[in-house]
Amino acid sequence: MGQFYASLESGHVTASTALKRLASYSGKNHFYRANRGLGRVFKTEFILKFVSDPLVRKRVRRGLLKGEEVNGLARQVAYGKHGTITARDLQAQTNTASCLTLLMSCIIYWQSKEINQVILECETDGAEVDLSLLEHISPVGWENIILYDEYVLNRDLIE
């Protein structure tokens, strides 16, 4: 196990190759069982920290809420066919998922740019901005964006 994890850490083996190797073993393999036991130790350790430390619970909850916020944005953007991918072949499914990711990335980029603009305007106006409050602002929100409308692009303005 030491050699296995040392080769992962040093970069001699990629994580995908290591996972393929682990997945190929049966449940009776000693190496597989040792790794499963090690995973259970790490899981138990995390559960004990989660139960006993309120800061860990707060951090985990914050991460879960961010994930749910991203999923909510994906549901709003992919409103057609109730957000399901109906394509049959892998290429079309990948294309659909990539388009959704691109749209979400554009929204998050736009929101980040707008947040930055507000901060810069406040600094030039002489208003003090408490930067510690920025950790409570997320660029994933979309309440100020009209998602379902007709957009006309002027090709002359595109560089």
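Engineer: Before we move on, can you summarise the state of the cysteines with the specific residues and values?
Structural biologist: For the structure on display, the rule yields zero disulfides. For the unlinked cysteine C99, the closest cysteine sulfur is that of C106, found at 11 Å. Under the relative-accessibility criterion, C99 is labelled partly exposed at 41%.

Engineer: So what about the side chain of S7? Which residues, and what values?
Structural biologist: Position of S7 relative to the elements: it lies in helix α1 (residues 2–10). There is a polar contact of 2.7 Å between the side chain of S7 and the backbone oxygen of F4. Ignoring anything within four residues of it in the chain, the contact list for S7 reads H12 and V13.

Engineer: Explain a nonpolar patch on the surface to me, using residue names and the numbers behind them.
Structural biologist: There is a patch of nonpolar side chains on the surface, built from F46, I47 and V51 and spanning about 280 Å² of accessible area. Relative to the helices and strands, F46 resides in helix α3 (residues 30–52). For F46, a relative accessible area of 39% puts it in the partly exposed group.

Engineer: Explain the packing of aromatic side chains residue by residue, including any values.
Structural biologist: Overall, the coordinates contain four aromatic pairs when judged by the stated rule. Plain terms: the ring middles of F4 and Y5 are 5.1 Å apart, the flat faces sit at 85° to each other, and that makes the pair edge-to-face. F4 sits in the buried class, given a relative accessible area of 8%. On the numbers, 6.2 Å between centres and 35° between planes, the contact of F46 with F50 is tilted. Here F46 and its partner F50 are both found in helix α3, four residues apart, which amounts to about one turn of the helix. Of the aromatic side chains, those joined through ring pairs into one cluster are F4, Y5, Y25 and F31. Across from the ring centre of F31, 5.4 Å away, lies the NZ or CZ of R21, which sits over that ring.

Engineer: Talk me through the nonpolar core; I want residue IDs and the actual numbers.
Structural biologist: Within soluble globular proteins, side chains that are nonpolar generally end up buried alongside one another. Residues L73, A74, V77, M104, I107, V140 and W142 constitute the largest nonpolar core, which totals seven residues. Tallying contributions element by element places helix α4 (residues 54–77) first for this core, with three residues. If we ignore the near neighbours within four places in the chain, the residues touching V77 are L100, L103, M104, I107, L147 and Y148.

Engineer: If you had to explain the side chain of Q111 to someone new, which residues and values would you point to?
Structural biologist: For Q111, the position within the fold is in helix α5 (residues 90–124). Residue class for Q111 comes out buried when judged on its relative accessible area of 8%.

Engineer: How would you explain a positive patch on the surface if you had to name every residue and give the values?
Structural biologist: On the surface, R33, R36, R40 and K43 cluster together into a patch of positive charge. Note on placement: R33 falls in helix α3.

Procedures and definitions
- Residues numbered from 1 in each chain as written.
- Predicted model: local features only at pLDDT ≥ 70, side-chain atom pairs only at ≥ 80, totals over all residues.
- Heavy atoms only, no water.
- Disulfide = S-S within 2.5 Å.
- Buried < 20%, exposed > 50% of the residue type's maximum accessible area, 1.4 Å probe, protein only.
- Helix = DSSP H or I, 4+ residues; strand = E, 2+ residues; numbered from the N terminus.
- Polar contact = N/O pair within 3.5 Å; in protein donor to acceptor, adjacent residues only side chain to side chain.
- Contact = heavy atoms within 4.5 Å.
- Patch = residues over 30% accessible without salt bridge, like charges linked within 9 Å, V, L, I, M, F, W, Y side chains within 5 Å.
- Areas by Shrake-Rupley, 256 points an atom, 1.4 Å probe, with all protein chains shown as cover.
- Salt bridge = Lys/Arg side-chain N within 4 Å of Asp/Glu carboxyl O.
- Phe/Tyr/Trp six-rings, centres within 6.5 Å; stacked < 30°, edge-to-face > 60°.
- Lys NZ or Arg CZ within 6 Å of the ring centre and 35° of its normal.
- Core = buried A, V, L, I, M, F, W, Y, C linked by side-chain atoms within 4.5 Å.
- Lys, Arg positive; Asp, Glu negative; His and termini not counted.
- Charge placed at Lys NZ, Arg CZ, Asp CG, Glu CD.

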